[in-house]
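As a plain string of letters, each chain reads:
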Amino acid sequence: MAESKKSQNKDINNLDKRIEAIEEILAAAAGGDFSAEIPIVMEEADVLTSVETGINILISDLGDEVVQSNKRADQLQEKLDLIKKQRQAIEELSTPIIKMWDKVLVLPLIGTLDTRRSQKLTESLLTEIALTQSKVTILDITGVPTVDSAVANHLLKTVASVKLLGAECVVTGIRPEVAQTIVHLGVDLTGVETLSNLSEGLKWAFNRLNMRIVEEE
Amino acid sequence: MTTLQIKEEADIVRVRSTARSIARGIGFGLVDQTRISTAVSELARNIYVYAREGEVLIEELSNPRHGIRITFTDKGPGIEDIELAEKDGWSSSGSMGKGLPGAKRLMDSMEILSKPGEGTTIIVAKWLPE
Amino acid sequence: METDAIPILKLKDFLIVSIQTDLHDRMAEHLQYDILKRISQTEAKGVLIDISALEMVDSFIGRTLADTARMASTLDAEIIIVGMQPAVAITLVELGLSLGGVQTAINLDEGYDLLEKQLENRYFDDAESEKDDQSEAADDNSAD
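Residues numbered from 1 in each chain as written. Chains lettered and ligands numbered in written order. Predicted model: local features only at pLDDT ≥ 70, side-chain atom pairs only at ≥ 80, totals over all residues. Heavy atoms only, no water.

Asks: An account of the overall build of chain C is needed here, citing residue identities and associated values.
Replies: Helix and strand content of chain C: 4 helices and 5 strands. Shown N-terminal to C-terminal, the secondary structure of chain C runs as helices and strands in the order β-β-α-β-α-β-α-β-α. The proportion of buried residues among the 144 residues of chain C is 47%. Sequence-distant contacts, at least 24 apart, represent 74% of the contacts inside chain C between residues at least 6 apart. Accessible area for chain C stands at about 7300 Å²; split by element, carbon and sulfur atoms hold 48% of it. (Helix = DSSP H or I, 4+ residues; strand = E, 2+ residues; numbered from the N terminus. Buried < 20%, exposed > 50% of the residue type's maximum accessible area, 1.4 Å probe, protein only. Contact = heavy atoms within 4.5 Å. Areas by Shrake-Rupley, 256 points an atom, 1.4 Å probe, with all protein chains shown as cover.)

So this is what it looks like as structure tokens:
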């Protein structure tokens, strides 16, 4: 009875200091420092020692986990940066503006047209028209898989801004199924010159420039 | 942070050119500068036409993203039906009704707070593309 | 107000206006009136409005330009808007203003050519129809 009371007293004597140590360790961990440990004297093991050991293990595991998780986050960020770079590369690759003839530009559209892409496309097309002082622009949509009302709307906006600049615009490469969806969706393309293919578009462009292609005899 | 007063018609020009130069300073491209100054012109004119006078606050935003925020405040008649005012082609002044819906399309966000008889506050923002 | 006036130059059958300053609303309205007045004084058949220096066109300026074009055509003159900046064109379309019915040209040369061609076509069309009338009359005569 007397001995057990004595050991309890010993525990209590150390208690304040030891709890303080636990608090410090936890505060350090909360601040992101997982390196410190609660000092443990195994020879004097008591009820609190297992708690202290448990906290030490948890904090060390947590430290490892945080390192791992940071590494994963870095890897993820690297991948995101790569995707961003690739997207830029694809955007640049898929939107060449070709000077077909003096004052004639061709923009072959490939892939889907969302708001962001169509805004960028319109911006670079208009800049190129202003730079080359072109009179005719051919928008070829052979490479556009589907034309829904959103895509049609983007096209209409592009055509309208080209016209405001003072250039003419023709849309070529409308495939039969695209023609079907355009009509089914009730998209109004009046006011937009449309032709079946690029070579018709080029003939139209020459016509607008008062030029004719003549076969040699 | 820049605060400008709208009291006369020439202030519309002053406000939109100030907004443009602040947008340029933040790093917006030429097309976005034009979008911002055009939206500002529409909203500043609304103050002049409907409320006669008011105030425009232009702020640079950096958290969570970089951008610009412009707040238009007036103590004019207010907007009876905000939903209707945001519709294309609707106007109570005989203009074309492109002002509010147009400005909304040119910016990334638009918030309208209005009480009939007390005034209107319109907050628009645009973010710098990543 | 005098200093605010935008000069309107006459060149043969046409008028040339170059807007070099940010237009405030009253200036735009004045310009509209000045252009219409000059058209009627000079009997000009066309007007080139160069807006290449304009950094923005909002709904008020856009509407004023479109209205001026319509008013001019009732005075028998065609208006051509010349040299709109790409950023301005993009913004106008997003604003919801496509200025339908307003003629545009990429530069003054093209604008001038366009006006001349329209003027020629007009006289040519008139001449054509007169010739047609005469030949029809001739046909009638021969039938008799």
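Asks: Which residues make up the environment of S62 of chain B, and what are the values?
Replies: Residues and elements named next belong to chain B. Here S62 shows up in the loop between β2 (54-61) and β3 (67-74). You can call S62 exposed: its relative accessible area is 52%. Remark: the alpha-carbon pair of S62 and L128, spanning 66 residues in sequence, is separated by 9.7 Å.

Asks: Please give an account of the sheet that holds strand β4 (residues 78-82) of chain C that cites residues and values.
Replies: All names here are of chain C. Read across the sheet, 5 strands follow the order β1-β2-β3-β4-β5 without closing on themselves; strand pairing throughout is mixed. Each having just a single partner strand, β1 (8-11) and β5 (103-105) make up the two edges of the open sheet. Adjacent strand axes in the sheet meet at a mean angle of 25 degrees, parallel and antiparallel pairs treated alike. In the sheet, β4 pairs with β5 via 3 bridges, with the strands oriented parallel. Bridge pairing in β5 links I81 to T104. Here helix α2 (residues 59-74) sits on the sheet and contacts β3 (46-50) and β4; the angle it forms with β4, its principal contact strand, is near 150 degrees. (Pairing = 2+ DSSP bridges. Axes fitted to C-alpha atoms, helices over the stretch in contact; angles between N-to-C directions.)

Asks: Would you mind going over the interface of chain B and chain C in detail, with residue names and values included?
Replies: Each side of the interface is counted separately: chain B has 22 residues, and chain C has 21 residues. Here chain B and chain C share an interface that buries about 1900 Å² over both sides, 53% of which is from carbon and sulfur atoms. Between D58 of chain C and R45 of chain B there is a salt bridge, with its nearest N and O atoms 2.8 Å apart. Of all the elements, helix α2 (residues 30-51) of chain B adds the most residues to the side of chain B that touches chain C, at 9 residues. (Buried area = accessible area lost by both parts, 1.4 Å probe. Salt bridge = Lys/Arg side-chain N within 4 Å of Asp/Glu carboxyl O.)

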